[in-house]
Amino acid sequence: MDGTTILVVEDEPSIGEVVTLYLKRAGYQVTAVRDGEAALAALARRLPDLVVLDLMLPKVDGHEITRWVRQHGDTPIIMLTARRDEADRIAGLEMGADDYVVKPFSPQELVSRVRAVLRRTRGGVGGRGESPLVYANLHIDPGTRLVVAAGKECDLTAKEFDLLYLLARHPRQVFTRDQLLDRVWGLTEYIDPSTVTVHIRRLREKIEPDPANPLHILTVWGVGYRFEP
Ligand code: CA
């Protein structure tokens, strides 16, 4: 038991119960709720270390809960979706989910995903820490805001750093330009979406060995960008 808290939001009692059972058995402290309203109430009381979230819920749906969680911090979300359609999965990840599991799933697989996501977001205890991210030749230190690529220190602007750190903290997660604008620049300012394109290009010039053939910051055509570790 390390005190890691998980909120399970699932309206189908049989799934909610088995997920709760397996997560508790894996040593997590689990709170389970059956509708979106109860989820928002639980989240407002205390942000858990991770949310397991069913997409289709009574009262308030999973999209709205994801939005709420993203507005209030970096709590990772694993989405449960009954739909197999690739577009829906991408939409879930775009909305800010860290991973997804398609129903029907094995509870043991969900536990593995929970462990992986908590490991990726560093520890789970006390949420996301500020320890450096290290990917092959790329070191990103949020404490000092220092980026070293292939042994060379990179001179990044504040927004370039924020953009890189956001992408790198969520490896392989696809972000749309609007999401990047929202998360890096904030909703308060009006910014042209091409700003993102410009920053991505400058970032590649600074951290990629060959900016024309990027290894880390990849374009997902028609959607946005993702970080490849
Ligand atoms: Ca449901």
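Residues numbered from 1 in each chain as written. Predicted model: local features only at pLDDT ≥ 70, side-chain atom pairs only at ≥ 80, totals over all residues. Heavy atoms only, no water.

**Observations concerning the layout of surface pockets**
Which parts of space are left empty comes out when a probe the size of a water molecule is rolled across the atoms.
(1) Moving on: Computed from the structure, the largest pocket encloses a volume of approximately 370 Å³.
(2) Moving on: If you go around the largest pocket, you meet 14 residues; those closest to its centre are Arg67, Arg70, Gln71, Asp182 and Arg183.
(3) Moving on: Elements represented by at least two residues in the lining of the largest pocket include exactly helix H3 (62–71) and helix H7 (177–185).
(4) Moving on: Here the element with the most residues in the lining of the largest pocket is H3; it accounts for five residues.
(5) Moving on: In the lining of the largest pocket, the residues fall into two nonpolar, six polar and six charged.
(6) Moving on: Domain assignment of the residues forming the lining of the largest pocket places at least three in each of domain 1 (5–123) and domain 2 (133–227). (1 Å grid on protein atoms, 1.4 Å probe; cavity = no way out; pocket = protein on both sides within 12 Å on 5 of 7 lines; lining within 4 Å. Points joined across faces, edges and corners; volume = space filled by probe spheres on them. Helix = DSSP H or I, 4+ residues; strand = E, 2+ residues; numbered from the N terminus. Nonpolar A, V, L, I, M, F, W, Y, C, P; charged D, E, K, R; others polar. Domains from an automatic or database assignment.)

**Overview of the coordination of the calcium ion**
(1) Moving on: The coordination sphere of the calcium ion contains the protein donors Asp11 (OD), Asp54 (OD) and Met56 (O), at a distance range of 2.1 to 2.3 Å.
(2) Moving on: Coordination of the calcium ion draws on donor residues from a single chain, spaced D-x42-D-x1-M in sequence. (Donors = N, O, S within 2.8 Å, 3.2 Å for Na, K, Ca; no water.)

**Some points on the side chain of Asp54**
(1) Moving on: Mapped onto the elements of the fold, Asp54 is located in strand S3 (residues 50–54).
(2) Moving on: Given a relative accessible area of 3%, Asp54 falls into the buried group.
(3) Moving on: If sequence neighbours within four positions are ignored, Asp54 has contacts with Val9, Glu10, Asp11, Gly62, Leu80 and Lys103. (Buried < 20%, exposed > 50% of the residue type's maximum accessible area, 1.4 Å probe, protein only. Contact = heavy atoms within 4.5 Å.)

**Brief notes about the pairing of strand S11 (residues 217–220)**
(1) Moving on: In this structure, S11 lies alongside strand S12 (residues 224–227), joined through four bridges in antiparallel fashion. Bridge pairing in S12 places Val220 opposite Gly224.
(2) Moving on: The loop that links S11 with its antiparallel partner S12 comprises three residues; one of these, Gly222, has a positive phi angle of about 80 degrees. (Pairing = 2+ DSSP bridges.)

**Quick word on the environment of Pro58**
(1) Moving on: Structurally, Pro58 is set in the loop between S3 and H3.
(2) Moving on: We classify Pro58 as partly exposed; its relative accessible area is 36%.
(3) Moving on: Through-space distance from the C-alpha of Pro58 to that of Glu10 is 9.5 Å; in sequence the pair is 48 residues apart.
(4) Moving on: Once residues within four sequence positions are removed from consideration, Pro58 is found in contact with Asp11, Arg34, Asp35 and Gly36.

**A short note on the side chain of Thr20**
(1) Moving on: For Thr20, the position within the fold is in helix H1 (residues 13–25).
(2) Moving on: Separated by 2.6 Å, the side chain of Thr20 and the backbone oxygen of Gly16 make a polar contact. (Polar contact = N/O pair within 3.5 Å; in protein donor to acceptor, adjacent residues only side chain to side chain.)

**Considering the pairing of S12**
(1) Moving on: Summarising the sheet, strand S10 (residues 175–176) and S12 pair through two bridges and their orientation is antiparallel. What sits directly across from Thr176, in S12, is Gly224.

**Points about helix H6 (residues 158–169)**
(1) Moving on: The first and last C-alpha atoms of H6 sit 16 Å apart over 12 residues, in line with the 16 Å expected at 1.5 Å per residue.
(2) Moving on: Among the residues making up H6, those that are buried are Glu160, Phe161, Leu163, Leu164, Tyr165, Leu166, Leu167, Ala168 and Arg169. (Expected span 1.5 Å × (residues − 1).)

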